[in-house]
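Chain residues, written in single-letter form:
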Amino acid sequence: PPALEAEFAERLAAHDRYGQKRRPFYLAWPTDFPVVTQRFGANPQIYRRFGMPAHEGLDLRALTNTNIYACFDGLVYEVHTHPKDHAYGIHVRILHRDGYRTVYAHLARALVAKGDEVREGQVIGKADSTGASAGAHLHLTLKRDGATARGETNYPKDVIDPTPFMVWPENRLRKTAKTAAAWAAEECLLGVCGR
């Protein structure tokens, strides 16, 4: 029990419920909304025409002009500023440790420049629906250098599934959700329990 108590205390202090941030690489949630709108690997019939086996990232809810945050510390190696000449539209690419790379797509605007060093949680852009997109959201792609050649993925261009690396965004979103409620956050309007 004392070791478990110490473990939980450490996780609480770090706002890391499951201890995920102790891994060498993880992805902090990059929007203010805890909703996946299209999972990795979905809709193969759509994405095959783009040379992908299926959806090559995670689509996350992000309303127009809301903040997009860096998922991990890294170096901005590309900022694409034209909204219509790339499927990702306006997007930011960040190089992280151990050859991991993230792409933040369909932005209204980028707030960083090539060569900038960024920190996890730093605002790097504002959300929108530029490029091949039908509505405001964030498309997050994760790559790892050499993953395709090593057979770690069946996707081209070193694309890998970001889902196992995602850390649920408890603290930032809890604050947002409380202020967005039409009633006091502590007031229960209805409760249901089922077994």
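Scroll up to find the structure.
Residues numbered from 1 in each chain as written. Predicted model: local features only at pLDDT ≥ 70, side-chain atom pairs only at ≥ 80, totals over all residues. Heavy atoms only, no water.

## Concerning the overall build of the protein
For step 1, the next point in the chain: Counting secondary structure elements, the protein contains 3 helices and 12 strands.
For step 2, the next point in the chain: Long-range contacts, defined here as pairs at least 24 residues apart, represent 61% of the contacts in the protein between residues at least 6 apart.
For step 3, the next point in the chain: In the form shown here, the protein has an accessible surface area of approximately 11000 Å², with 55% of it arising from carbon and sulfur atoms. (Helix = DSSP H or I, 4+ residues; strand = E, 2+ residues; numbered from the N terminus. Contact = heavy atoms within 4.5 Å. Areas by Shrake-Rupley, 256 points an atom, 1.4 Å probe, with all protein chains shown as cover.)

## Some thoughts on unusual backbone geometry
For step 1, the next point in the chain: Look at Asn 43: it is not a glycine, yet its phi comes out positive at around 50°.
For step 2, the next point in the chain: Relative to the elements of secondary structure, Asn 43 occurs in the loop between strand S2 (36-38) and helix H2 (44-47).
For step 3, the next point in the chain: Asn 43 sits in the partly exposed class, given a relative accessible area of 28%.
For step 4, the next point in the chain: With a phi angle near 70°, His 106 is a residue other than glycine that sits in the positive phi range.
For step 5, the next point in the chain: Among the secondary structure elements, His 106 is positioned in strand S7 (residues 100-110).
For step 6, the next point in the chain: Residue class for His 106 comes out buried when judged on its relative accessible area of 5%. (Buried < 20%, exposed > 50% of the residue type's maximum accessible area, 1.4 Å probe, protein only.)

## Quick notes on the environment of Glu 120
For step 1, the next point in the chain: Turning to its location among the elements, Glu 120 is positioned in the loop between strand S8 (117-118) and strand S9 (123-127).
For step 2, the next point in the chain: With relative accessibility at 26%, the residue Glu 120 sits in the partly exposed group.
For step 3, the next point in the chain: Taking the C-alpha atoms as reference points, Glu 120 and Leu 27, separated by 93 residues in sequence, lie 8.6 Å from one another.
For step 4, the next point in the chain: Side-chain polar atoms of Glu 120 contact the side chain of Tyr 26, separated by 2.5 Å. (Polar contact = N/O pair within 3.5 Å; in protein donor to acceptor, adjacent residues only side chain to side chain.)

## Side note on the pattern of salt bridges
For step 1, the next point in the chain: All told, the structure shown has 9 salt bridges when counted by the stated rule.
For step 2, the next point in the chain: Glu 10 is the salt-bridge partner of Arg 22, the closest N and O atoms lying 3.1 Å from each other. Separated by 12 residues along the polypeptide, Arg 22 in the loop between helix H1 (2-13) and strand S1 (27-28) and Glu 10 in helix H1 bring together distant segments of the chain.
For step 3, the next point in the chain: For Arg 22, a relative accessible area of 44% corresponds to the partly exposed category.
For step 4, the next point in the chain: The salt bridge involving Glu 78 is made with Arg 93; its shortest N-O contact spans 3.6 Å. Note that Glu 78 is positioned in strand S5 (residues 74-80) and Arg 93 in strand S6 (residues 90-95), a separation of 15 residues in sequence.
For step 5, the next point in the chain: Judged by relative accessible area, which is 29%, Glu 78 ranks as partly exposed.
For step 6, the next point in the chain: By sharing partners, the salt bridges in this structure join Glu 7, Glu 10, Arg 11 and Arg 22 into a single network. (Salt bridge = Lys/Arg side-chain N within 4 Å of Asp/Glu carboxyl O.)

## Side note on the packing of aromatic side chains
For step 1, the next point in the chain: Counting across every chain of the model gives 8 aromatic pairs.
For step 2, the next point in the chain: Ring pairing ties together the aromatic residues Phe 25, Tyr 26, Phe 72, Tyr 100 and Phe 165, which thus form one cluster.
For step 3, the next point in the chain: A cation over a ring is seen here: Arg 101 above Tyr 77, with NZ or CZ 4.7 Å from the ring centre. (Phe/Tyr/Trp six-rings, centres within 6.5 Å; stacked < 30°, edge-to-face > 60°. Lys NZ or Arg CZ within 6 Å of the ring centre and 35° of its normal.)

## What about the pairing of S7?
For step 1, the next point in the chain: Relative to S7, S6 runs antiparallel, the two sharing 5 bridges. Looking at S7, one finds that Leu 95 is bridged to Arg 101.
For step 2, the next point in the chain: Pairing of S7 with strand S10 (residues 138-144), which is carried by 6 bridges, proceeds in the antiparallel orientation. When the sheet's bridge partners are listed, Tyr 104 is paired in S10 with Leu 140.
For step 3, the next point in the chain: By the bridge criterion, 3 bridges tie S7 to S9 in an arrangement that is antiparallel. Bridged to Ala 110 within S9 is Gly 125. (Pairing = 2+ DSSP bridges.)

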